[in-house]
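Here are the chains, one letter per residue:
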There are 2 protein chains.
Amino acid sequence: MKPYVCGVDIGGTTVKLGLFTDAGELLEKWEIPTDTGDGGARILPDIARSITDKLAEKQITPEQVLGIGLGVPGPVSADSTVFRCVNLGWGTFNLRERMNELLPAIPHVAAGNDANVAALGELWQGGGKGSRSAVLITLGTGVGGGVVVDGKIIAGKRGGAGEIGHITVEPEETEPCACGKRGCLEQYASAQGIVRLARRMLAASDTPSALRAMDSFTAKDICDLARDGEQMALDIVDRCACYLGRAMSFVGCLIDPEVFILGGGMSRAGAVLTDAITRHYKEYVLFVAADTPIVTASLSNDAGIYGCAKMVLG
Amino acid sequence: MKPYVCGVDIGGTTVKLGLFTDAGELLEKWEIPTDTGDGGARILPDIARSITDKLAEKQITPEQVLGIGLGVPGPVSADSTVFRCVNLGWGTFNLRERMNELLPAIPHVAAGNDANVAALGELWQGGGKGSRSAVLITLGTGVGGGVVVDGKIIAGKRGGAGEIGHITVEPEETEPCACGKRGCLEQYASAQGIVRLARRMLAASDTPSALRAMDSFTAKDICDLARDGEQMALDIVDRCACYLGRAMSFVGCLIDPEVFILGGGMSRAGAVLTDAITRHYKEYVLFVAADTPIVTASLSNDAGIYGCAKMVLG
């Protein structure tokens, strides 16, 4: 009997850990700091120690644990090879092999990119519950994405799948994205991106806006004003939603998923954003995929540990 | 022992059939006309009779046949439901159930969209042989596409996956696509699309071109002139390749396939087209997927029957 599973979501600042039953119940979650010193060499040993301690505390033996799922902020291939994790200081190595050295009593290790894993978590127990395929789009500091088809993460040959934020939606863009390209979705639809878009649109028009009186403003300020019905803010949200809807229409034509799930801080803007996205999505997508629901993520920061556990359960 | 498989590629004019060994060898192929009368009601009975006759001729019993794979020119879901096949006169029904009534001795029936099935065929025995994931883009009368990941077709919730030809690559387009939207890849990269693009570019410039002296010209004329080094023809091919490379970059960001396979008549243009596509693809795709090879399909019109057989073999 192996009735337990560990989910481990490794971020640049903290590692989130969760102990689950094999039925998908989260028994306990906790965090440890991410030690990025020495090229991130202590991160996996710290995780192994924390799991060992937690199991001892709970009087669970390693043999009762079906496996460990790891979510990583960078590309991961289907065989658990991580290619580069700038935020952790990691180069290229096989995560399963390293964890097997550290915790040989729990040999089953699965790994995935954090955004892909979050998509799996939201499909399993969150906003996409009950579906078999979903695409998660995370509107945060950047724009991340995860693709799950038939209950399985699409990782990509080099772990590059799900990079929806780097789809080119504006070929005429002159400013570079963090990735080095120009016109990426992330440049308009991340928390920073919509602020940049707003500054541009404000500079190019005379439409009055409460944003003009602010020294600096955030994505939340824009969305709040749009919800209050301010025309300029509505125009900014609409432009952002147009780029999102366009990129999502590419996904619709290519994958035809059961559901789109919006996550990340900006998804809390609610209907003012999702209604505009839906309108633009329908404008660009092929008829067959026009009615795909667009829902909001519901697991928040726990999506990663849920998805990690689900990778192990298969 | 069930050492045989039938592949059946149903087109609007002819049905192509193939008898394969379970090792993937094509033993014999033949064709029958597609009878689209009476809402296509006779198509499946004709196929069942043709298979029965061929097996009798070869002294193969139905019990020796592992199954039948069907490729269909329209959306097909993973459970073999066909939604609408305008070219065949078909509405919505389950292909497996109907074939089971007609040929109960061969109960295993798999079905897929023709472009998706062709992608599977090319991955199995054609241009993508040896890979596990591939995206096929067929440049013919229209622009079709098929997505295979981990050896399996991505069909989509409503059979709408792989519709690369209807990705919006030019939001500013004023003329409508056959699908009713504007700015679809197909409007620039199908055989008709590149001719339309050429007429527009010729009208907007004074660059000399042999095309100007022709009453009418084809995609092949444009590609031939480009291969001969004519600047105007090269500019037209480059613009078409820019749209293709852009759409393929979306695929790269989303799926990160092992290989892209170009099929259809226009793919015979060779290096003059693929080199230009590669250049534009690299310009738009995220670094991680920049080196994905772009190869040419090799099974030509047989890709469909190969893919149909492979659907059955799994």
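Here is what the cut-offs are and how they apply
Residues numbered from 1 in each chain as written. Chains lettered and ligands numbered in written order. Predicted model: local features only at pLDDT ≥ 70, side-chain atom pairs only at ≥ 80, totals over all residues. Heavy atoms only, no water. Pairing = 2+ DSSP bridges. Helix = DSSP H or I, 4+ residues; strand = E, 2+ residues; numbered from the N terminus. Contact = heavy atoms within 4.5 Å. Axes fitted to C-alpha atoms, helices over the stretch in contact; angles between N-to-C directions. Salt bridge = Lys/Arg side-chain N within 4 Å of Asp/Glu carboxyl O. Buried < 20%, exposed > 50% of the residue type's maximum accessible area, 1.4 Å probe, protein only. Least-squares fit on C-alpha atoms with pLDDT ≥ 70 in both. Parallel < 35°, antiparallel > 145°, perpendicular 65-115°, else oblique. Nonpolar A, V, L, I, M, F, W, Y, C, P; charged D, E, K, R; others polar.

A short note on the sheet that holds strand β8 (residues 134-139) of chain B
Residues and elements named next belong to chain B.
Piece 1. Pairing in this open sheet of five strands is mixed, and the strands run β10-β9-β8-β11-β12 from one edge to the other. Strands at the two margins of the open sheet, each flanked by one partner only, are β10 (152-153) and β12 (294-296).
Piece 2. Here β8 runs beside strand β9 (residues 143-149); their pairing, made up of six bridges, is antiparallel. The residue bridging I137 from the neighbouring strand is G145, located in β9.
Piece 3. Packing of helix α4 (residues 114-125) onto the sheet brings it into contact with β8, β9, β10 and β11 (259-263), and relative to β9 it is tilted by some 55 degrees.
Piece 4. Its contacts with the sheet place helix α8 (residues 231-255) against β8, β9, β11 and β12, and it is angled at close to 160 degrees to β8.

Some remarks on unusual backbone geometry
Among all residues except glycine, the phi angle is most often negative; among peptide bonds, the trans geometry is most common.
Piece 1. The phi angle at S80 of chain A is positive, at roughly 75 degrees, despite the residue not being glycine.
Piece 2. Positionally, S80 of chain A belongs in the loop between β4 (65-72) and β5 (81-82).

Section: the interface of chain B and chain A
Piece 1. Residue-level contacts link 37 residues of chain B with 37 residues of chain A.
Piece 2. For the pair chain B and chain A, the interface holds two salt bridges.
Piece 3. Close ionic contact of R158 of chain B with D256 of chain A constitutes a salt bridge, the shortest N to O distance being 2.4 Å.
Piece 4. Sorting the residues of the side of chain B that touches chain A by element identifies β9, α8 and α9 (271-284) of chain B as the ones contributing at least two each.
Piece 5. In terms of residue count, α8 of chain B provides more of the side of chain B that touches chain A than any other element does, seven residues in total.

As for the pairing of strand β9 (residues 143-149) of chain A
Residues and elements named next belong to chain A.
Piece 1. The buried fraction of β9 amounts to six of the seven residues, a majority that puts the element mostly inside the structure.
Piece 2. Taken together, strand β8 (residues 134-139) and the strand that follows it, β9, pair antiparallel across an intervening segment of three residues.
Piece 3. Here β9 pairs with strand β10 (residues 152-153) via two bridges, running antiparallel. The partner of V149 across the bridge, within β10, is K152.
Piece 4. Taken together, β9 and the strand that follows it, β10, pair antiparallel across an intervening segment of two residues, in which D150 is found at a positive phi of about 55 degrees.

With respect to the relation of the copies chain B and chain A
Piece 1. Rotating chain B by 180 degrees about the axis while translating it 0.0 Å along that axis superimposes it on chain A, leaving an RMSD of 0.0 Å. On the angle and the small slide along the axis, the relation comes out as a two-fold axis. By C-alpha distance to the rotation axis, the residue of chain B lying nearest is F250 of chain B, at 3.6 Å.

Focus on the packing of helix α4 (residues 114-125) of chain A against helix α10 (residues 303-313) of chain A
All names here are of chain A.
Piece 1. Two elements in contact, α4 and α10, have axes separated by 7 Å at closest approach and are oriented at 85 degrees. The pairing of α4 with α10 is recorded here as roughly perpendicular in orientation. For the pair α4 and α10, contact is made by V117, A118, L120, G121, E122, W124 and Q125 and by A303, G304, Y306, G307, C308, A309, K310, M311 and L313, respectively.

Thoughts on the packing of helix α8 (residues 231-255) of chain A against α8 of chain B
Piece 1. At a minimum axis distance of 11 Å, the contact between α8 of chain A and α8 of chain B shows a crossing angle of 80 degrees. Taken as axis vectors, α8 of chain A and α8 of chain B run roughly perpendicular relative to one another. For the pair α8 of chain A and α8 of chain B, contact is made by F250, V251, L254 and I255 of chain A and by F250, V251, L254 and I255 of chain B, respectively.
Piece 2. When the residues that make up the contact of α8 of chain A with α8 of chain B are grouped by side-chain class, the tally is eight nonpolar, no polar and no charged.

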